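Examination of the molecular architecture
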Amino acid sequence: MHRSLVGVALALGLALTLAGCAGSSETAGPPFAQAAATLSPVPPGESRIFFYRWVQPYELQAPTTVSLNGKPTGISWVGTTFYRDVPPGTYHITVFSPGAYPNQFKTVTVAAGSTLYVRIQPMIDWSRLQCNDHCEIDTFAVMLDDQQSARQQMLPLTLIRG
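Structural notes, computed from the coordinates. Because the structure is a prediction, the values reported are computed rather than measured. (Residues numbered from 1 in each chain as written. Predicted model: local features only at pLDDT ≥ 70, side-chain atom pairs only at ≥ 80, totals over all residues. Heavy atoms only, no water.)

In space, the four strands of this open sheet follow the order β3-β2-β5-β6, with antiparallel pairing throughout. The open sheet has two free edges, formed respectively by β3 (71-76) and β6 (106-110), since each of these has just one partner strand. Sheet twist, expressed as the average angle between the axes of neighbouring strands with direction ignored, equals 30°. Of the strand pairs in this sheet, strand β2 (residues 64-68) and β3 are connected by five bridges, and their pairing is antiparallel. When the sheet's bridge partners are listed, Ser-67 is paired in β3 with Pro-72. (Pairing = 2+ DSSP bridges. Helix = DSSP H or I, 4+ residues; strand = E, 2+ residues; numbered from the N terminus. Axes fitted to C-alpha atoms, helices over the stretch in contact; angles between N-to-C directions.)

What follows is the structure in C-alpha cells.
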C-alpha cells in the first residue's frame, strides 16, 4: 500500500512538472521593452492591434481567448502582450468570459497605418459581486487605452510572437 502511494505521488509530481513546462512555453518570449525596437513596422495598407494583460497577483490568473469578429486571434495570458496586423475595417473585439460585465466588449474601426491598444482586464471584484462573495466567476473585459499609457504599461510584459 505504501509503495503504491509513493508511486502515485511520484507520477502526480511528474505530471504537474510537465504541465508547468507546457504552460510556460506558451508565454516564453522577450520583454516588450527589449523587443519593441525590433518589431517590423505596420505593413502598408494594414493596421496593428496590440493586446496586453498586466501582471496582477490578486486578479484572475486563467488565460482567455481573444477574438476579432468572432474568430479566435490569440490567447491572453497574465503578464503578456501580442499583436495582430489586420486589414483596415471594423472589428468587434471579445474575450472568452463566463461572467458578464457592462460594456464588456468593444467595436472599433481601424484605419490603414494605425495602431490600437487593447487591454484585457480581469474583473475579479465584479465577479464576486455577482455571487455575493461566495464564488468567483471568471470575468474579463476589453478596455481601449491610448498609445502613451499602453506602451508604458506593456514595457515589462512578455511579447508572445506569432
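Examined against the element boundaries, Thr-81 turns out to sit in strand β4 (residues 80-86). A polar contact of 2.9 Å, which involves the side chain of Thr-81, links it to the backbone oxygen of Phe-51. Apart from residues no more than four positions distant in its own chain, Thr-81 is found in contact with Phe-32, Phe-50, Phe-51, Tyr-52, Met-154, Leu-157, Thr-158, Leu-159 and Ile-160. (Polar contact = N/O pair within 3.5 Å; in protein donor to acceptor, adjacent residues only side chain to side chain. Contact = heavy atoms within 4.5 Å.)

In total, this model carries two salt bridges according to the counting rule given. We note a salt bridge from Asp-85 to Arg-48, for which the minimum N-O separation is 2.7 Å. In this pair, Asp-85 sits in strand β4 while Arg-48 sits in strand β1 (residues 47-53), placing the two residues 37 residues apart along the sequence. With a relative accessible area of 4%, Arg-48 lands in the buried category. Arg-119 is the partner of Asp-145 in a salt bridge, and the nearest nitrogen-oxygen pair spans 2.8 Å. Of the two residues, Asp-145 is situated in strand β8 (residues 140-145) and Arg-119 in strand β7 (residues 115-122); the sequence distance between them amounts to 26 residues. Under the relative-accessibility criterion, Asp-145 is labelled buried at 16%. Owing to a relative accessible area of 13%, Arg-119 belongs among the buried residues under this scheme. (Salt bridge = Lys/Arg side-chain N within 4 Å of Asp/Glu carboxyl O. Buried < 20%, exposed > 50% of the residue type's maximum accessible area, 1.4 Å probe, protein only.)

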